[in-house]
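Coordinate inspection notes
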Amino acid sequence: MSFRLSSGTMDSMAGVFAPPKKYRMGSGGGSAKGPKSGGTILGMAVASMFPKPASSSAELHPSRQAKHAFGGGSQARMNNRAVMTVDRTSRRAPEAVVRITGRQHGGGHVLANFAYISRLGHGEENELGLETSDGEVLRDGRDMQLLAKEWNDWEMDGDARRKGATSLSMILSMPTGTDPERLKGAALDFARQEFANRSWVAGLHVDRDHPHVHLTIARRDHDGRRFHPNRDDLFRWRQRFAEKLRDRGIEANATPARARGIDPMHEPIAAVKMREKGQVPEIDKSRIARAERLRAEGREDPVIAMLAKRQATVRATYSRSIAELSTSPSAVDQHVARSLERFVAAMPEPEPNSVRAMREAAERRFEPRVQPAPKLSVGLEVSPPSEATKSISTVERMRALHAELTARSERRSVTPTPASDQDKREPSEVALRVQQLLKKEERQKDEPVESKLTEDPNERVRALLDEVVEPTPSMDLDQANAILRRAEERNRERLDRDRSKDKDGPSR
């Protein structure tokens, strides 16, 4: 018989890896009507006449919470899923994200959502096709408009007073480095299986650092039923999406934040985006004021005590799992136990998500930056003289400077420039001065060596650079005015040409 975790450990792990099951009246949590006393008493009397089989013990019947966390099926299959979930968590496998982003009301709102997903109107090279539930790919705005109208008409169903949502949009994403095409295939398979009786569209975006798929679903299915996703639905969607990713070779996990020792309270998206821009949202200001008030009163933040209590429960559950996995004869289970033990030892201290977000934003804001070294106008860095620099002759430095200036002038001559700029660049006085200085250096080659050694090479370079970058003589005023008039006329002609309606042909 293979190794199995005890029912108590399975229930404890289910409390960590799944949200509490929500019971509804008449749907598993009890019936709205009272029980029929006659039938119930008769059934209990008949059942008491037959002994219960040994296989119906609590060890072989997992709780509803365990089934919710690790899926249905036999005890062995649930045990394997639980061990694999613990293994992925201890190895910090990437977490699959399924998040509802909004609801669309009316055909116009749905069409705007389609245009955003498909990047309609952003140019043919940027536009994306929309994968539909019918296996088609929509690329034309007219087809998207017809589909949005069809969804709206089906949602309204002749009742013009309805104000409910027409569609629901969500994002399925994975961290940076995930293969976008395999992510798209997993998302499409997830949509075909989970929303088989509904109409939906999907589009892959890779414009950010992490690939993600936008999925928009019609709120009313083909049978006319409307759905309202809740916490249990989101948990099931995450599990199924992660399973589709693993089927394609992408390691993915779907665990709640408390299983990783993190505060499950998520930050508002608006606050996150404001922090990225270097701004301080109002929620951070109120949190700072609350922290100062608690500090002045000499009280500890109750949120930290709550997180510490929750993390203690998680640690106790993991310790119980480690103890049972260590006794397994399987080397794989023992390896998982050691990995989980290291994960528990490295679990961070309890910290509210709000405090961590503000701390990380402050660290990014005050991150030290390395300033570049100052440079001269001719492109040479100022640095202390070294032995290698002293060994290079001044003439060689000037030749390198002359070659650089000559290359710049050649690049400017090749690049077409307006006539006004050419008038400004005609006198290449810097290059002429460098040539004169080089000739002067050539004439000084015949001087005695002793006189050359007494001079400091760095001082000579500074003097030569001062001569190169000294201000040029003033230009004739009449010539300057003529150049300015020609430049203004060309600028006026260019502006008139830009204002022409038929410059680039008819616009879209």
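Scroll up for the structure.
Not measured: the values here are computed from a predicted model. Along every chain, residues carry numbers that run from 1 in the direction the sequence is written. Where local features are concerned, this predicted model is filtered to residues with pLDDT of at least 70; where side-chain atom pairs are given and counted, the filter is 80 or more; whole-chain, interface and lining totals use all residues. For the side-chain quantities, the full set of heavy atoms in the structure was used; hydrogens and water were omitted.

1. Re the overall build of the chain
- Only DSSP runs of H or I reaching four residues or more are called helices, and only runs of E reaching two or more are called strands; each is numbered from the N terminus. Secondary structure summary: the chain contains 20 helices and 6 strands in total.
- Considering the chain as a whole, with its 508 residues, one finds that 34% of them fall into the buried category.
- We call two residues in contact when some of their heavy atoms are within 4.5 Å. Residue pairs at least 24 apart in sequence account for 72% of intrachain contacts in the chain once pairs closer than 6 positions are excluded.
- Each accessible area value is a Shrake-Rupley result obtained with a 1.4 Å probe; residue values ignore everything except the protein chains displayed when judging cover. When the accessible surface of the chain is summed, it comes to about 32500 Å², and 54% of that surface belongs to carbon and sulfur atoms. A 1.4 Å probe rolled over the protein chains alone gives each residue an accessible area, and that area as a share of the maximum for its type sets the label: buried under 20%, exposed over 50%, partly exposed in between.

2. Focus on the nonpolar core
- Counting 27 residues, the largest nonpolar core has M170, L172, F195, W200, L215, F241 and L245 as its most contacted members.
- Top contributing element to this core by residue count: helix α7 (residues 180-194), with 6 residues.
- Sequence-distant contacts of L245, defined by excluding residues within four places in its chain, comprise A96, M174, L183, A186, I250 and A252.
- Of all hydrophobic cores here, the second largest spans 26 residues; its members include F17, A18, F235 and V344. Among buried residues, those of type Ala, Val, Leu, Ile, Met, Phe, Trp, Tyr and Cys that are joined through side-chain atoms within 4.5 Å constitute a nonpolar core.

3. Describing helix α8 (residues 231-247)
- Taking 1.5 Å per residue as the helical rise, α8 with its 17 residues ought to reach 24 Å, and the 25 Å between its terminal C-alpha atoms agrees with that figure.
- Taken residue by residue, α8 has D232, D233, F235, W237, R238, F241, A242, K244 and L245 as its buried positions.
- Of the surrounding secondary structure, the elements contacted by the buried residues of α8 are α1 (7-17), α3 (64-70), β1 (97-104), β4 (167-173) and α7.
- Any pair of N or O atoms that falls within 3.5 Å is considered a polar contact. Within protein, one atom must be able to donate a hydrogen and the other to accept it, and sequence-neighbouring residues count only if both atoms are side-chain atoms. The opening residue of α8, the one whose side-chain oxygen lies 3.2 Å from the backbone nitrogen of D232, is N230. Expected helix span is computed as 1.5 Å times (number of residues minus one).

4. A word on the side chain of E131
- Mapped onto the secondary structure, E131 falls in strand β2 (residues 130-132).
- Once you skip the residues sitting within four places of it in the chain, E131 turns out to touch E136, V137, K184, L188, W200, V201 and A202.

5. What to know about the pattern of salt bridges
- What counts as a salt bridge is simple: a side-chain nitrogen of Lys or Arg found within 4 Å of a carboxyl oxygen of Asp or Glu. Within the structure shown, the criterion is met by 22 salt bridges.
- The closest approach of N and O atoms between D207 and R119, which form a salt bridge, is 2.7 Å. Within this pair, whereas D207 is found in the loop between β5 (200-205) and β6 (212-218), its partner R119 is found in the loop between α5 (107-118) and β2, the two being separated by 88 residues in sequence.
- Its relative accessible area of 51% is what places D207 among the exposed residues.
- Where R225 meets D221, a salt bridge forms, and the shortest distance between an N and an O atom there is 3.1 Å.
- By sharing partners, the salt bridges in this structure join E194, D233, R236 and R240 into a single network.

6. Quick look at the packing of α1 against helix α11 (residues 302-326)
- Axes, fitted as lines to C-alpha atoms, cover a helix only where it is in contact. Angles between the N-to-C directions of the axes lie from 0 to 180 degrees. Viewed as axis vectors pointing N to C, α1 and α11 meet at an angle of 140 degrees, and their least axial separation amounts to 10 Å. Judged by the angle between their axes, α1 and α11 are oblique. Crossing geometry of α1 relative to α11 is assigned as left-handed. Mapping the contact onto sequence places G8, T9, S12, M13, V16 and F17 in α1 and V314, T317, Y318, R320, S321 and E324 in α11. Between 65 and 115 degrees an angle is taken as roughly perpendicular, under 35 as roughly parallel, over 145 as roughly antiparallel, and anywhere else as oblique. Helix crossings are classified by the rotation of the near helix relative to the far one: an anticlockwise turn of less than a right angle makes the crossing left-handed, while a clockwise turn makes it right-handed.

7. A closer look at the packing of aromatic side chains
- Any pair of Phe, Tyr and Trp rings, taking the six-membered ring for Trp, is counted once the centres come within 6.5 Å. Such a pair is stacked with planes under 30 degrees apart, edge-to-face with planes over 60 apart, and tilted for the rest. Scanning all chains against the criterion turns up 8 aromatic pairs.
- Ring centres 6.2 Å apart and planes at 50 degrees place the aromatic pair F17 and Y318 in the tilted group. Pair noted here: F17 is in helix α1 and Y318 is in helix α11, with a separation of 301 residues, a long-range link. Here F17 matches Y318 in class, with each residue buried.
- Plain terms: the ring middles of Y318 and F343 are 6.1 Å apart, the flat faces sit at 70 degrees to each other, and that makes the pair edge-to-face. With Y318 in helix α11 and F343 in helix α12 (residues 331-345), the pair connects residues that are 25 residues apart, well separated along the chain.
- By relative accessible area, which is 3% here, F343 ends up buried.
- What links up through ring pairs into an aromatic cluster is the set F190, F195, F227, W237 and F241.
- Comment: the charge-over-ring label is applied if NZ (Lys) or CZ (Arg) is within 6 Å of the ring centre and within 35 degrees of the ring normal. Seen from the ring of Y116, R119 lies directly overhead, with NZ or CZ sitting 5.0 Å from the centre.
- The ring centre of F227 lies 3.9 Å from the NZ or CZ of R198, which sits over that ring.

8. Quick notes on a negative patch on the surface
- Note that patches include only residues with greater than 30% relative accessible area and no salt bridge, and the join distances are 9 Å for like charges and 5 Å for nonpolar side chains (Val, Leu, Ile, Met, Phe, Trp, Tyr). His is not counted here, nor are the chain ends, while Lys and Arg score as positive and Asp and Glu score as negative. Here the site of a charge means NZ on Lys, CZ on Arg, CG on Asp, or CD on Glu. A cluster of like negative charges, contributed by D134, E136, D140, D143 and E150, occupies part of the molecular surface.
- Of note, E136 is situated in the loop between β2 and β3 (137-138).

9. Some words on the sheet that holds β3
- We call two strands paired when DSSP finds no fewer than two bridges between them. Pairing within the open sheet is antiparallel, and its 6 strands lie in the order β1-β4-β6-β5-β2-β3. Every other strand in the sheet has two partners, leaving β1 and β3 as the edge strands with one partner each.
- Of the pairings in the sheet, the one linking β2 to β5 comprises 2 bridges and is antiparallel in character. Looking across to β5, one finds that T132 is bridged to V201.
- Contacting β1, β2, β4, β5 and β6, α5 crosses the sheet at an angle of about 160 degrees to β6.

10. Points about the environment of D223
- Relative to the elements of secondary structure, D223 occurs in the loop between β6 and α8.
- It is 8.8 Å that separates the C-alpha atoms of D223 and R198, two residues lying 25 residues apart in sequence.
- A distance of 3.1 Å separates polar atoms of two side chains, one belonging to D223 and the other to R225.

11. What about a positive patch on the surface?
- A contiguous patch of positive charge, built from R99, R208, K273 and K277, is present on the exposed surface.
- Mapping K273 onto the fold places it in helix α9 (residues 269-276).
- Classification of K273 as partly exposed rests on a relative accessible area of 39%.

12. Describing α7
- Given a rise of 1.5 Å per residue, 15 residues ought to cover 21 Å, and the 21 Å separating the end C-alpha atoms of α7 matches this to within 8%.
- When α7 is considered as a whole, its buried residues turn out to be L183, G185, A186, A187, L188, F190, A191 and E194.

13. Quick notes on the pairing of β6
- Counting buried positions along β6 yields 7 of 7 residues, so the element is predominantly enclosed.
- Along β6, one buried face is formed by H212, H214, T216 and A218 and the opposite face, lined by V213, L215 and I217, is buried too.
- Strand direction decides the pairing type here: β4 and β6, joined by 7 bridges, are antiparallel. When the bridges of β6 are listed, S173 appears paired with H212.
- The sheet contact formed by β5 and β6 spans 6 bridges and is antiparallel. Following the sheet pairing, H205 is matched in β6 by H212.

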